[in-house]
Amino acid sequence: MEATTTSFWSTPVGWTLMTAGGILLVTVGILISLAFLLLADRKIWAGVQMRKGPNVVGPFGLLQSFADFFKFVLKEIVVPAGADKIVFLLAPLLTFVLAFIAWAVIPFAPGWVVSDLNVGVLYLFAVSSLGVYGIIMGGWASNSKYPFLGSLRSAAQMVSYEVSLGLIIVTVILLAGSMNLTTIVDNQAGWIWNWHAFGGGLGNLPLLIIMFPMSIVFFVSALAETNRPPFDLPEAESELVAGYQVEYSSTPYLLFMIGEYANIVLMCAMITLLFFGGWNPGFPTPFLDGAPQFLANLFYLGVFLFKTVFWFAMIAMVKAFVPRYRYDQLMRLGWKVFLPYSLVAVVLVAAWRVFGGAI
Amino acid sequence: MIQAIAFYLLATVSVVSALLVVTAKNPVHSVLWLITTFFSAAGLFVMLGAEFLAMLLVVVYVGAVAVLFLFVVMMLDVDFVQLREGYAKYFPLAAIVGLILLAEMIVVAVAAAQGGAARGAELIPATDVSNVEAIGRVLYTEYVYIFQAAGLVLLVAMIGAIVLTLRYKPNIKRQDIGRQVNRRQSDAYANVQAESGKGVTLEDLK
């Protein structure tokens with residue numbers, strides 16, 4: 001019995017079904033969790049400002065996001081007369097799709113990954129660098145001044161912060177010696193000091209001085225990359241109304257928003273995977289050795305989700321208590337502070353790997 | 001079978017979108033088609049088993065170069081009528097350039113097929129080494145000088161671009177972060193006990 005089932009799943013048809021199922025599971029899972037994360041974002045924001053936040057739809061306002069969803073979907077789609085219609089509608093779709101295809105390489109637990117690419121980190125970086133197209137295309141196709149200004153700003157901003165983001169990823173790749181995300185996470189197994197944020201192992205403890213600040217720089221760059229406050233200049237409501245989103249309504253707007261939040265959660269997952277041990281809880285787990293693989297994986301999945309949600313809560317709080325950067329200061333931070341520091345970090349980590357302690 | 005379908009799909013998309021890059025009337029659409037071309041080329045790389053190169057193509061060309069293209073093209077004030085006027089004028093020149101390129105490609109393809117250029121330099125068998133590692137080993141050993149020279153060329157180009165665009169305007173207000181942070185309370189204001197009926201002049205504050 002066992003033999004026949006395994007052979008079916010290894011045939012092309014079975015394999016395709018498995019992969020399609022995995023993709024569906026991940027996509028639906030992310031969509032549903034996004035609904036609650038969106039609510040959490042608003043609740044945390046409200047909490048910092050001592051408001052109650054959405055609390056009317058469902059118990060504690062839990063169904064607020066679903067109400068918003070139906071409201072968005074049932075409204076009319078307005079396309080401006082002077083807009084480039086195809087590009088205008090393509091832009092939100094692109095943002096949405098790009099935000100979701102990145103999840104293909106995220107390992108949720110040992111072996112629980114849709115596609116275990118051996119250039120996984122690079123794939124993530126490539127996909128997140130494409131996110132800028134949705135914004136540029138949306139801003140240009142609206143054929144209107146504020147959206148265009150917003151998209152120009154955002155293009156410059158995202159390209160600038162991508163550079164330091166890439167260099168920080170290089171430091172992690174140097175530590176792990178691999179671009180495969182599963183290998184990178186496995187490299188951080190065991191005690192908490194094996195996490196890359198703490199240098200990746202007791203022998204590398206001096207790297208703590210470099211890697212911990214780098215994890216924070218990564219976090220800040222992730223804020224800038226996803227256009228979150230305090231770097232939400234593309235849609236600065238006090239200067240540009242809503243930037244590239246001005247002309248968007250109903251479903252296209254909804255797609256932009258879901259894409260944006262999916263990107264934010266993706267960045268949280270990336271911070272978790274690259275620096276904070278992924279699914280590793282920070283202590284050895286010999287008590288899981290005897291347990292069935294499925295239960296053990298559920299435990300690891302819980303750890304991974306906990307860390308991701310923790311970083312999401314951090315991002316949500318930053319929105320509430322940091323004022324927006326001015327544009328020239330944003331550029332200064334990206335090019336004159338983060339870029340040199342991360343370059344030096346790459347050189348130092350590389351030097352440590354060649355001349356330094358044991359790995 | 002599936003591989004063949006994927007190849008023909010990607011190849012068709014890349015050729016058709018490459019054609020559309022040239023024929024699209026709106027330059028912004030041209031750039032968007034160019035991005036599609038890059039993308040399907042990256043897909044072809046993946047099919048060859050060169051996923052590292054494919055990702056680099058996406059990161060460098062699609063993620064950075066094409067963004068700058070789009071950035072510049074979007075801001076141009078293009079007159080479409082004027083653009084089409086030049087089409088007939090430059091056609092002979094374009095045809096010559098196209099023919100030369102075509103002839104060169106045919107020569108290379110024929111030479112490669114007959115076992116001239118590509119033979120002898122066999123590919124490194126990608127058995128246990130991932131293709132990142134394989135490229136790294138060749139790049140930092142055999143071709144290290146050429147690789148460094150390419151880096152130097154890029155550095156020179158970068159410095160050139162900075163020198164060309166950097167203009168120092170003396171009468172512009174700039175933020176000096178160092179000065180701002182070093183500013184102390186005593187530099188900014190003074191507390192003066194003003195005598196009644198006398199007031200304070202600027203001299204008293206110094």
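Residues numbered from 1 in each chain as written. Chains lettered and ligands numbered in written order. Predicted model: local features only at pLDDT ≥ 70, side-chain atom pairs only at ≥ 80, totals over all residues. Heavy atoms only, no water.

As named in an unreviewed UniProt entry, chain B is NADH-quinone oxidoreductase subunit J, taken from Brevundimonas abyssalis TAR-001. The UniProt entry for chain B carries the following text under Subcellular location (unreviewed entry): "Cell membrane". You can read under Sequence similarities (unreviewed entry) in the UniProt record for chain B the words "Belongs to the complex I subunit 6 family." (UniProt positions renumbered as here; feature names shortened; annotations may be inferred.)

Where an unreviewed UniProt entry is consulted, chain A appears under the name NADH-quinone oxidoreductase subunit H, with the organism given as Brevundimonas abyssalis TAR-001. UniProt's Catalytic activity (unreviewed entry) comment on chain A is quoted here verbatim: "a quinone + NADH + 5 H(+)(in) = a quinol + NAD(+) + 4 H(+)(out)". According to its UniProt record, chain A has this under Subunit (unreviewed entry): "NDH-1 is composed of 14 different subunits. Subunits NuoA, H, J, K, L, M, N constitute the membrane sector of the complex."

When helices and strands are counted, chain B shows nine helices and zero strands. Its helices and strands taken in sequence order, chain B reads α-α-α-α-α-α-α-α-α from the N to the C terminus. Across the 206 residues of chain B, 17% fall into the buried class. Here the analysis covers contacts within chain B between residues at least 6 apart in sequence; of these, 51% occur between residues at least 24 apart. Summing over all exposed atoms, chain B offers an accessible surface of approximately 16,400 Å²; the carbon and sulfur share of this is 68%. (Helix = DSSP H or I, 4+ residues; strand = E, 2+ residues; numbered from the N terminus. Buried < 20%, exposed > 50% of the residue type's maximum accessible area, 1.4 Å probe, protein only. Contact = heavy atoms within 4.5 Å. Areas by Shrake-Rupley, 256 points an atom, 1.4 Å probe, with all protein chains shown as cover.)

To continue, consider the nonpolar core. If you look at soluble globular proteins, the nonpolar side chains tend to sit buried side by side. Residues and elements named next belong to chain A. Formed by 121 residues in total, the largest nonpolar core has its most connected members in Trp103, Ile106, Tyr133, Phe218, Leu274 and Phe275. Counting residues per element, this core draws most heavily on helix 10 (residues 250-274), which supplies 16 residues. If sequence neighbours within four positions are ignored, Leu274 has contacts with Ile169, Val172, Leu181, Ile184, Gln188, His196 and Phe218. (Core = buried A, V, L, I, M, F, W, Y, C linked by side-chain atoms within 4.5 Å.)

Once that is clear, we can look at the packing of aromatic side chains. All told, the structure shown has 26 aromatic pairs over all chains when counted by the stated rule. Where A:Trp191 meets A:Trp193, the ring centres are 5.8 Å apart and the plane angle is 20 degrees; that geometry is what we call stacked. Ring centres 5.2 Å apart and planes at 80 degrees place the aromatic pair B:Tyr140 and B:Phe147 in the edge-to-face group. Among the residues examined, B:Phe147 registers a relative accessible area of 30% and is labelled partly exposed. Taken together, the ring pairs connect A:Trp195, A:Phe198, A:Phe212, A:Phe219, A:Phe276, A:Phe310 and A:Trp311 into an aromatic cluster. The positively charged end of A:Lys319 is found above the aromatic ring belonging to A:Trp45, 3.9 Å away from the centroid. (Phe/Tyr/Trp six-rings, centres within 6.5 Å; stacked < 30°, edge-to-face > 60°. Lys NZ or Arg CZ within 6 Å of the ring centre and 35° of its normal.)

Once that is clear, we can look at helix 8 (residues 208-225) of chain A. Residue and element names in this part refer to chain A. Helix length check: helix 8, at 18 residues, gives a terminal C-alpha distance of 25 Å against a target of 26 Å (1.5 Å per residue), a fit within 8%. Of all 18 residues in helix 8, 13 are buried, a share of seventy percent or more. Remark: Asn227 follows helix 8 within two positions and exhibits a positive phi of approximately 60 degrees. (Expected span 1.5 Å × (residues − 1).)

Residues and elements named next belong to chain A. Mapped onto this numbering, the UniProt entry gives "transmembrane region" (unreviewed entry) at residues 15-40, 86-109, 121-142, 163-185, 205-224, 253-279, 299-321 and 333-355. Strand forms 0% of residues 205-224 and helix 85%; the C-alpha atoms that close the span are 29 Å apart. Counting secondary structure, residues 333-355 comes out at 100% helix and 0% strand; the distance between its end C-alpha atoms is 31 Å.

Another aspect to go through is the packing of helix 8 of chain A against helix 12 (residues 327-355) of chain A. Geometry of a packed helix pair, given as the angle between the helix axes and the separation of the axes. All names here are of chain A. Two elements in contact, helix 8 and helix 12, have axes separated by 11 Å at closest approach and are oriented at 140 degrees. Pair helix 8 / helix 12 crosses with left-handed handedness. The residues of helix 12 that touch helix 8, namely those facing Ile210, Met211, Met214, Val217, Val220 and Ser221, are Phe338, Tyr341, Ser342, Ala345, Leu348 and Val349. A breakdown of the residues in the contact of helix 8 with helix 12 according to their chemical character gives 10 nonpolar, two polar and no charged. (Axes fitted to C-alpha atoms, helices over the stretch in contact; angles between N-to-C directions. Left-handed = near helix turned anticlockwise from the far one by under 90°. Nonpolar A, V, L, I, M, F, W, Y, C, P; charged D, E, K, R; others polar.)

Moving on, we come to the side chain of A:Ser342. Residues and elements named next belong to chain A. One can find Ser342 in helix 12. A polar contact of 3.1 Å, which involves the side chain of Ser342, links it to the backbone oxygen of Leu339. Those residues in contact with Ser342 that sit more than four places away from it in its chain are Ser164, Leu167, Ile168 and Met214. (Polar contact = N/O pair within 3.5 Å; in protein donor to acceptor, adjacent residues only side chain to side chain.)

Bringing the interface of chain A and chain B into the picture now. Listed per partner, the contact involves 27 residues of chain A and 24 residues of chain B. Of the roughly 2,200 Å² buried between chain A and chain B on both sides combined, carbon and sulfur atoms contribute 79%. Counting every contact that joins chain A to chain B gives zero salt bridges. In this assembly, chain A and chain B are joined by six residue pairs in polar contact (both at pLDDT 80 or more). Contributions of two or more residues to the side of chain A that touches chain B are made by helix 5 (120-141), helix 6 (145-176) and helix 12 of chain A. Broken down by element, the side of chain A that touches chain B gets its largest block of residues, 11 residues, from helix 5 of chain A. Its residues placed into classes, the side of chain A that touches chain B shows 18 nonpolar, four polar and five charged. (Buried area = accessible area lost by both parts, 1.4 Å probe. Salt bridge = Lys/Arg side-chain N within 4 Å of Asp/Glu carboxyl O.)

This part takes up the pattern of salt bridges. All names here are of chain A. Within this structure, the stated rule accounts for five salt bridges over all chains. The partner of Arg326 in a salt bridge is Asp328, with the nearest N and O atoms 2.8 Å apart. Taking relative accessible area as the criterion, Asp328 reaches 39% and is therefore assigned partly exposed. Each of Asp41, Arg228 and Lys319 takes part in a single network of salt bridges with overlapping partners.

Attention shifts here to a nonpolar patch on the surface. All names here are of chain A. Residues Leu24, Val28, Ile32, Phe36, Phe60, Leu62, Leu63, Phe66, Phe69, Phe70, Val73 and Leu74 make up a contiguous nonpolar surface patch of roughly 1,100 Å² in combined accessible area. When residues of the nonpolar patch are traced back to their parent elements, those giving at least two are helix 2 (12-48) and helix 3 (64-74). In terms of residue count, the dominant contributor to the nonpolar patch is helix 3 (five residues). As for its position among the elements, Ile32 is in helix 2. (Patch = residues over 30% accessible without salt bridge, like charges linked within 9 Å, V, L, I, M, F, W, Y side chains within 5 Å.)

In this section: a positive patch on the surface. There is a patch of like positive charges on the surface, built from A:Arg332, A:Lys336, B:Arg167, B:Lys169 and B:Arg174. With a relative accessible area of 32%, A:Arg332 lands in the partly exposed category. (Lys, Arg positive; Asp, Glu negative; His and termini not counted. Charge placed at Lys NZ, Arg CZ, Asp CG, Glu CD.)

Here the focus is the domain arrangement of chain B. Domain assignment breaks chain B into domain 1 (1-79), domain 2 (89-121) and domain 3 (129-170). Spacing between the C-alpha centres of domain 2 of chain B and domain 3 of chain B amounts to 28 Å. (Domains from an automatic or database assignment.)

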